[in-house]
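# Examination of the molecular architecture
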Amino acid sequence: MIYAGIYIHIPFCNVKCMYCDFYSISDKNSDIPDFIKALTYEIEHCSIDTSKWIFDTIFIGGGTPSLIKENHMEKILSCMHKKFNLTQVKELTIEVNPGEAPKDRLKAFHQMGINRLSMGVQSFQPELLKFLTRMHGRDEIFETYDNIRWAGFQNVNCDLIYSIPGQTKKMWEDDLKSIINLDPEHISAYTLTAEKGTELFSLISEGQIKMPRNSQIGSWFTRTHEVLLKNGYSGYEISNFSKERFECMHNLHYWNIEPYLAFGPSAHGFDGIFRWNNARSLKTYMELIMAGKSPISTREKLASMDKTNEIIGFGMRMLKGINLKNLPTTHLEKCKVNFEIIMEKYPNCIERKAKNYSFTNKGLLFADQIIPDLLI
Ligand SMILES: C[S@@+](CC[C@H](N)C(=O)[O-])C[C@H]1O[C@@H](n2cnc3c(N)ncnc32)[C@H](O)[C@@H]1O
Ligand code: SF4
């Protein structure tokens, strides 16, 4: 038997944030009832053999899943309960946006068995929230957080973003203080990335704004790890920090290359052999499902070399690193030689203990540069 997760993608948002590359649409909330019909149909007709899997996590992400009303959320959950054995699920997460998650809805979600909340705080600085085109201000963060606790959630994550144009080190340190004062169980701190197709990317390309320099990002990254660790949050992955025993179990499925089902437009799944992607368009997704067709747009067998590279790529982002015994034997020797070469190229960046390789603190700083070199 193997532990597995389920991901559900809710693509609706009230506004499209200027930096966001996730599949989300901002003017289609009226399609929610039809989307729920398509989504539940997709779940009911899932034909993947999961007989050897034990589902222990579910993640309802987006988009803005907190826009989904109680009766619709109940439909999604009861449909999943009918289809799969969910008795072993330990972690059921939903993403919410500050100011877009009514108090009573949060309570109802908790009563339905959702036991982990992930709130997209991003920043506490009004001018940065404005720059990021977030709908919420600082007050909504505190208000929604209080409501989350009031509703009964005892496992809460807050997402933060740093290295934003116009952000000073003092602003970031204040954000870290504010989040520590809120006292969530888990914190994700991402550096802002500019993906092609986003408004942020266009602004940079047109020279209207400049992203912070790499050296600045590096020093803030180190400071983030120091401050959070000092306050009880250990960084178990490059951008993820938690109190003891509050690591995100669902994300660990991704990073440990374990299977997960995926439902909703743009969602991607993995069954241990194949990776697949659903259509990245709500319209196409709904049309395919309503025509009785599969919403999958791409499906690809993970070759042994791809699997090796995924184990290295995801594994080295975790503090525990990777153990050679988990790599496919076909590429083991090549990987070993490569690790030795890279350890010489980047001194004091990778630590080896028996068959385990992991980044040192210095190595974590250069992980994005070193990891591509480690791939075979
Ligand atoms: C796709 S969002 C969904 C959650 C929710 N809608 C929200 O905005 O808070 C999940 C998280 O991804 C992160 N994220 C999205 N785009 C990003 C980017 N370009 N750079 C860094 N982090 C990003 C944000 O921290 C966000 O909270
Ligand atoms: S960051 Fe969140 S709220 Fe903003 S567009 Fe992306 S999914 Fe929607």
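Just so it is clear, the structure is predicted and the values come from calculations on it, not from any experiment.

Moving on to the overall build of the protein. Looking only at helices and strands, the protein has 14 helices and 15 strands in total. Computed over the C-alpha atoms, the radius of gyration of the protein is 21 Å, within 12% of the 21 Å expected from 2.2 N^0.38 for a compact globule of 376 residues. Reported as C-alpha extents along the three principal axes, the dimensions of the protein are approximately 55 × 50 × 45 Å. Here the protein holds 376 residues, and the buried ones make up 37% of them.

Let's shift gears to the sheet that holds strand β13 (residues 322–323). What the three strands build is an open sheet, ordered β13-β15-β14; its pairing is antiparallel. If you trace the sheet from one side to the other, it starts and ends with β13 and β14 (350–353), each paired once. Sheet topology places β14 next to strand β15 (residues 356–359); four bridges connect them, and they run antiparallel. Looking across to β15, one finds that E351 is bridged to S358.

As assigned here, the protein comprises domain 1 (2–255) and domain 2 (304–374). Computed over C-alpha atoms, the centres of domain 1 and domain 2 are 28 Å apart. Counting residues at the interface gives nine residues for domain 1 and eight residues for domain 2. The set of elements that each furnish at least two residues to the side of domain 1 that touches domain 2 consists of α8 (214–230), β7 (234–237) and α9 (249–255).

Next up on the list: the packing of helix α1 (residues 32–44) against helix α2 (residues 70–83). Across the interface, α1 lies against α2 with an axial gap of 9 Å and an inter-helix angle of 5°. As far as their axial angle goes, α2 and α1 are roughly parallel. Between α1 and α2, the contacting residues are I32, I36, L39, T40, I43 and E44 on the first element and H72, K75, I76, C79, M80 and K83 on the second. For the contact of α1 with α2, the per-class residue count stands at seven nonpolar, two polar and three charged.

By size, the foremost hydrophobic cluster in this structure holds 78 residues, and its most contacted members are I6, M119 and L160. The contacts of M119, once residues within four sequence positions are left out, are V96, P98, T144, Y145, I148, V156 and C158.

Take the site of ligand 2 next. The environment of ligand 2 is formed by C13, K16, C17, C20, F22, S24, G62, G63, T64, N97 and G120. The class makeup of the residues in the shell around ligand 2 is four nonpolar, six polar and one charged.

Quick look at the site of ligand 1 now. Around ligand 1 there are 16 residues in total, and Y19, F22, G120, D159 and Y190 lie nearest to it. Secondary structure elements with two or more residues in the shell around ligand 1: β4 (116–122) and β5 (156–162). Of the residues assigned to the shell around ligand 1, the class counts are six nonpolar, six polar and four charged.

So, how was this worked out
Throughout this description, residue numbers start from 1 for each chain and increase along the sequence as written. Lettering of chains starts at A and numbering of ligands starts at 1, both following the order in which they are written. Only residues with pLDDT of at least 70 get local features here, since the model is predicted, and only at 80 or more are side-chain atom pairs given and counted; chain-wide, interface and lining totals rely on the full set of residues. The helix count covers DSSP runs of H or I at least four residues long, the strand count covers runs of E at least two residues long, and both are numbered beginning at the N terminus. Atoms considered for the radius of gyration are the C-alpha atoms alone. The globule rule reads 2.2 Å times the number of residues to the power 0.38. To sort residues by burial, count the other C-beta atoms lying within 10 Å of each one's C-beta; a count of 20 or more means buried, 12 or fewer means exposed, and anything in between means partly exposed. C-beta atoms are built from the backbone. Two strands pair under a simple rule: DSSP has to find at least two bridges between them. For each domain, the first and last residues come from an automatic or database assignment. Throughout, a pair of residues is in contact if the C-beta atoms placed from their backbones lie within 7 Å. Geometry is summarised by axes, namely lines fitted to C-alpha atoms with helices restricted to the contacting stretch, and by angles between N-to-C directions that run from 0 to 180 degrees. Angles are sorted into four bins: roughly parallel if under 35 degrees, roughly antiparallel if over 145, roughly perpendicular if 65 to 115, and oblique for all others. Throughout this entry, Asp, Glu, Lys and Arg are counted as charged residues, while Ala, Val, Leu, Ile, Met, Phe, Trp, Tyr, Cys and Pro are counted as nonpolar. The remaining residues, Gly among them, count as polar. Only buried Ala, Val, Leu, Ile, Met, Phe, Trp, Tyr and Cys residues enter a nonpolar core, and they are joined through C-beta atoms within 7 Å. Residues are counted as near a molecule or strand when the C-beta atom, derived from backbone positions, lies within 6 Å of that molecule or strand.

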